[in-house]
Amino acid sequence: MGDIKYKVAKNITELRILNNMTQMELAERLNYSDKTISKWERAESSPDISVLVEIADLFGVTLDYLVRAENIEEAVIEHKTNETKYNRRAISYIAEGGGWIVAIFAFIVTTLIMRKMTFQWLYFLYTLPIVLIVKLIFNSIWFNPRHNYLIVSALMWSILAAIHITFLYFKVNVSLIYLLGAAGQVVIVLCSFINKPKMK
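A quick note: this is a predicted structure, and the numbers were derived from the prediction, not measured.

## As for the environment of isoleucine 177
For isoleucine 177, the position within the fold is in the loop between α8 (148-169) and α9 (178-192). Remark: the alpha-carbon pair of isoleucine 177 and leucine 160, spanning 17 residues in sequence, is separated by 6.9 Å. The residues touching isoleucine 177, leaving out its near neighbours within four places in the chain, are Leu160, Ile163 and His164.

If you want it as structure tokens, here you go:
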């Protein structure tokens, strides 16, 4: 039990310092006196479980890290890394969703202005490749580049489909264009087997 008390004292101190907080500032956040914080950090006493949970939430670590972690800095870094991944995923989804919002807006405006025209639905057909390009960019920068082959494949087929359907709208059949897709797919599959040289 005494060992846990010293670990808690050490971790509270390290977390407070890592977050550039004084004992007084931490005390104000927890509604305790700075003398109480000082006692916790000297292991003269320990906060009860509800306060430990509050401290863990305040500094973005788990309760387990607070009472057991040998290196509290690693715990904070891991939490911030997970938070960064979540933020990047959210930014990616917002950017992709923005493409569809623009397409919907263009569809509504064009439909209201040119009521007799029927080509507006093509906006959604063209939006898919654009969204896939955005997805490819974010995936290359932030996520797993190995998934790029799947995205490039979907991008290629969506562009071919957009070209084919656009020509069909004008009563021209260019279905043979999918032969390019078949050849392109073979190239993409072959490229996926190429391994990057490992850095020594």
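## What to know about the environment of isoleucine 55
Turning to its location among the elements, isoleucine 55 is positioned in helix α4 (residues 49-59). Sequence-wise, isoleucine 55 and leucine 15 are 40 residues apart; in three dimensions their C-alpha atoms are separated by 9.3 Å. In this structure isoleucine 55 touches Ile12, Leu30, Trp40, Pro47 and Leu66, once residues within four positions along its chain are discounted.

## Digging into the side chain of glutamate 41
One can find glutamate 41 in helix α3 (residues 34-41). For glutamate 41, the residues in contact, after removing those within four places along its chain, are Ala9, Ile12, Thr13, Arg16 and Gln23.

## A few points about the nonpolar core
Side chains of nonpolar character tend, in soluble globular proteins, to be buried together. With 17 residues, the main nonpolar core has Ile12, Leu26, Trp40, Ile55 and Leu66 as its most contacted residues. Elements supplying a minimum of two residues to this core: α1 (2-18), α2 (23-30), α3, α4 and α5 (63-68). Ranked by the residues each element gives to this core, the list is headed by α4, at 5 residues. Once residues within four sequence positions are removed from consideration, leucine 26 is found in contact with Ile12, Arg16, Met21, Ile37, Leu58 and Phe59.

Analysis parameters
Residues numbered from 1 in each chain as written. Predicted model: local features only at pLDDT ≥ 70, side-chain atom pairs only at ≥ 80, totals over all residues. Heavy atoms only, no water. Helix = DSSP H or I, 4+ residues; strand = E, 2+ residues; numbered from the N terminus. Contact = heavy atoms within 4.5 Å. Core = buried A, V, L, I, M, F, W, Y, C linked by side-chain atoms within 4.5 Å. Buried < 20%, exposed > 50% of the residue type's maximum accessible area, 1.4 Å probe, protein only.

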